[in-house]
Amino acid sequence: MVAGTRRRRVYRLAMAALVAALIAAVITAAVVGAAGLSLGEAFRALIALFAHGPDATGDFPDWAPALLLNLRLPRIVLALIAGAALSTSGAAFQGVFRNPLAEPYLLGVSAGAALGATIAIIWKPIGSLGVYTLPILAFVGAVLAAFLVYRLATFSGRTGSAALLLAGVAVGSTLTAITSFLMVATERDLHTVVVWLMGGVTTATWMKVYITLPIVGAGFLYMFLMSRRMNLLLMGEERARELGVDGQRTRRHLMVVASLTTAAAVAFTGLVGFIGLMVPHIMRLVVGPDHRRLLPATALFGAFLLLMADTIARTALAPAEIPVGIITAAAGGPFFLYLLRSRRGA
Amino acid sequence: MAGTPSPIYTARALEVELGGKHVLGPLDLEIEAGSFLGVLGPNGSGKTTLLRALTRGVAQSSGSLSFDGRPLESYRALDLARQVGVVPQQFSLDFNFTVAEMVAMGRYAQRDEAADGEAVAAALRTTGLTALADRLVTELSGGERQRALIAQTLAQRTPTLLLDEPLNNLDLNHQLETMQLMRSLHEEGRTIVVVLHDLNMAAQYCDELLLLDRGTVAARGKPEEVLDPRVILEVFRVRVAVHRQGQRPYITPLWSRSREDLREQEFRQGQGLRIHVIAGGGAASELLEELVMQGFTPTVGIVSVFDSDYAAAQRYELEVVSAPPFQAFPEEALDQHAGLVRRAQMIIVAPIFFGPGNLEPLREALRAARSGKTVFVIKEPAIERRDLSGGEATSLIAELASAGARFVSGAAEAVELVQTHQGGQSDRPQSGGTSGHRRFTDESGRSRPAQ
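Residues numbered from 1 in each chain as written. Chains lettered and ligands numbered in written order. Predicted model: local features only at pLDDT ≥ 70, side-chain atom pairs only at ≥ 80, totals over all residues. Heavy atoms only, no water.

Some thoughts on the pairing of strand S3 (residues 36–40) of chain B
Residues and elements named next belong to chain B.
Argument step 1. Extensive coverage of S3 is indicated by the burial of 5 of its 5 residues.
Argument step 2. Alternating positions in S3 separate into two faces, Phe-36, Gly-38 and Leu-40 on one and Leu-37 and Val-39 on the other, with burial throughout.
Argument step 3. Direction of pairing for S3 relative to strand S8 (residues 191–195): parallel, over a ladder of 4 bridges. Looking across to S8, one finds that Phe-36 is bridged to Ile-192.
Argument step 4. In this sheet, strand S9 (residues 208–213) lies alongside S3 in parallel orientation, the contact comprising 4 bridges. Counted as the bridge partner of Gly-38 is Leu-209 from S9. (Buried < 20%, exposed > 50% of the residue type's maximum accessible area, 1.4 Å probe, protein only. Helix = DSSP H or I, 4+ residues; strand = E, 2+ residues; numbered from the N terminus. Pairing = 2+ DSSP bridges.)

What follows is the structure, encoded as structure tokens:
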């Protein structure tokens, strides 16, 4: 089994490389920024923070460890979580739909989250519920939209792929229309809404990390445990059943979990595009289509990519920030075209 | 397999509808554990639907279907996959798995990691894919994919195997290997149910055949029972001859025709030209086949039961007067034969060897010629070389000539003349018969001389 051995070796190498890249990216993201620290100061502060806690002192401004701990680290961790969540959900959707062009927003999660967030931003009485109004409404909007799409696509107990895609498009465009109307109707908050829609981890806090991490972690764990079944589903529901997997049920569960995972990330980061589409695809080229390898590799690469994109977003035009969705979309758009063209050739 | 066979599958009044269309049943069916059953039938007869019902790929609209004593629908997918392996007709995997990875997917239900490696290696070996284990599934040829699919199912190691046209995309060599493989799996004690297109392949390998027609059972039994020309004509609208190869029957198609033509054929048999062929020693086999191919139903006589002309007559289900071998024809056979000749409008004398024992049919032909009936005599090889009766046969043939019999060089010419003659017959309905005849000759692609 030469290729089997080769694929195992490639996988180990890829995972080692990804972990190394991830560590390097975390350190880089921690030490660069607009706060007026030099790279050396920031690096020493980071070491001191890990060695002695936020009150450590040394050859850096006294506030540096606290800045890293309360501003940069939660932002880094949230970017990692969101990147992993979007890309593994993307991999799950691509597997469930047997289509490499599927993405985590397929069931209308994005449009639902956008509408929820828009309502939270423009409707002040609700906004007075606190800082979590927006993520809660975005999450609820995302889950409701996915549920609605799923219901609409289910006829007499069966849910077809084509019906889901169409229902997703239909519900998505309807919700987007409502969102757009609300935005135009209340010009005052237009800028806030647009920035949120473009996605970003600007306002990350540890609390947001604590809320997101369990949902995304559980979602990832479930998907990873389902990876052998997802492999079988790539041959279609009927073949999967012949080999021992209740395809219909597994697909349904995977869609629910992937949508929840996506919604949890989107609620705090807005609509970061293309990560969920791109990352699984690239990783499939590297480690192969077996989900037992694809999902861990995808999680690491997605985390890495979103962190890099966010780091670029907040340093390229510092002190101004570019919404991270612009960076990912700018990279993802051409990649998407490449995908379409190479599929045509295949 | 010793012991009393017990049904592994039991269907009672099973019916399946697909998209509101009734495609299968009502069907009562038992499949015994350890049997090797071939499922046959024309396109759209419900073969695949039956197999998918057995694998729960489609649900029954009414009736019941049980597996191993329990309703099939009560099984979890996982439990059923440990008992039943399926090679489906449709299969797609557009992701870049290697052949070995794809085959290993067949191990999902078994939950026995210690045996996984060995089972996959054995499945690859059995299907001749060991050398291709590292190739990507997306790069395989159609035949290789089909074998990989079979290997995936073999890796599942189930006591029951259902295969839906597993020979699709395979070349002859791999077709035979696959059939052999099923045979040896069957000999290991597994239950095999296989949908096949090729009737001969099924008859050659399966112990039992099930012939479906428009969703119901047309025939079921041993290959020699199911491959009955009448049943095949009814189900496939193809006229076939059944031969034997060792214990097993095989068929060759004679011609295929639409229902409308069949009705015409019946009409023609009832009202058409009655031909009698004087046969023996295999001299008439070619002539009989040619006549049958052209839609005639000649009678035959007198032939010994060991004679290959007798076998030909049996094959085409022709009325034949037979006699015991190595002795003079008994009185009864002669009477019967005289009856056939009297009834016939046309008599053809095949170039048979004449001895003292078989001159009577020739005398019968002479009487017919003298009474004004059309008699064709195939003259080659020359009668002198076939006359073992001391010149008596030769003089009978000469008398036939003077009585107005026509001499033809061989079977083909005889059939041509028969056709011409038939067109000009006055004692049968002109319009229907002639036009039907013309249409048939057009369809068969044979030309016939202008009248």
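Quick word on helix H15 (residues 392–402) of chain B
All names here are of chain B.
Argument step 1. For H15, the set of buried residues is Ala-393, Leu-396, Ile-397 and Leu-400. Buried residues of H15, viewed axially, fall in a sector of 100 degrees; they line one side.
Argument step 2. Contacts from the buried residues of H15 go to helix H14 (360–370), strand S17 (374–378) and strand S18 (406–408).
Argument step 3. The first or second residue beyond H15 is Gly-404, which carries a positive phi of 100 degrees. (Arc of directions from axis to C-beta. Contact = heavy atoms within 4.5 Å.)

Things to note about the domain arrangement of chain B
Argument step 1. What the domain assignment lists for chain B is domain 1 (7–254) and domain 2 (259–444).
Argument step 2. Using C-alpha coordinates to define each centre, domain 1 of chain B is positioned 46 Å away from domain 2 of chain B. (Domains from an automatic or database assignment.)

Section: the interface of chain A and chain B
Argument step 1. Every contact between the two is made by 27 residues of chain A and, on the other side, 32 residues of chain B.
Argument step 2. When the two sides are added together, the surface that chain A and chain B hide from each other amounts to roughly 2,400 Å², 57% of it contributed by carbon and sulfur.
Argument step 3. Taken together, the connections running from chain A to chain B amount to 3 salt bridges.
Argument step 4. With its nearest N and O atoms 2.9 Å apart, the salt bridge here joins Glu-238 of chain A to Arg-52 of chain B.
Argument step 5. On the surface where chain A and chain B come into contact, there are 11 residue pairs in polar contact (both at pLDDT 80 or more).
Argument step 6. Elements with a minimum of two residues in the side of chain A that touches chain B: helix H1 (2–31), helix H10 (227–233) and helix H11 (237–242) of chain A.
Argument step 7. Among the residues forming the side of chain A that touches chain B, the class breakdown is 10 nonpolar, 5 polar and 12 charged. (Buried area = accessible area lost by both parts, 1.4 Å probe. Salt bridge = Lys/Arg side-chain N within 4 Å of Asp/Glu carboxyl O. Polar contact = N/O pair within 3.5 Å; in protein donor to acceptor, adjacent residues only side chain to side chain. Nonpolar A, V, L, I, M, F, W, Y, C, P; charged D, E, K, R; others polar.)

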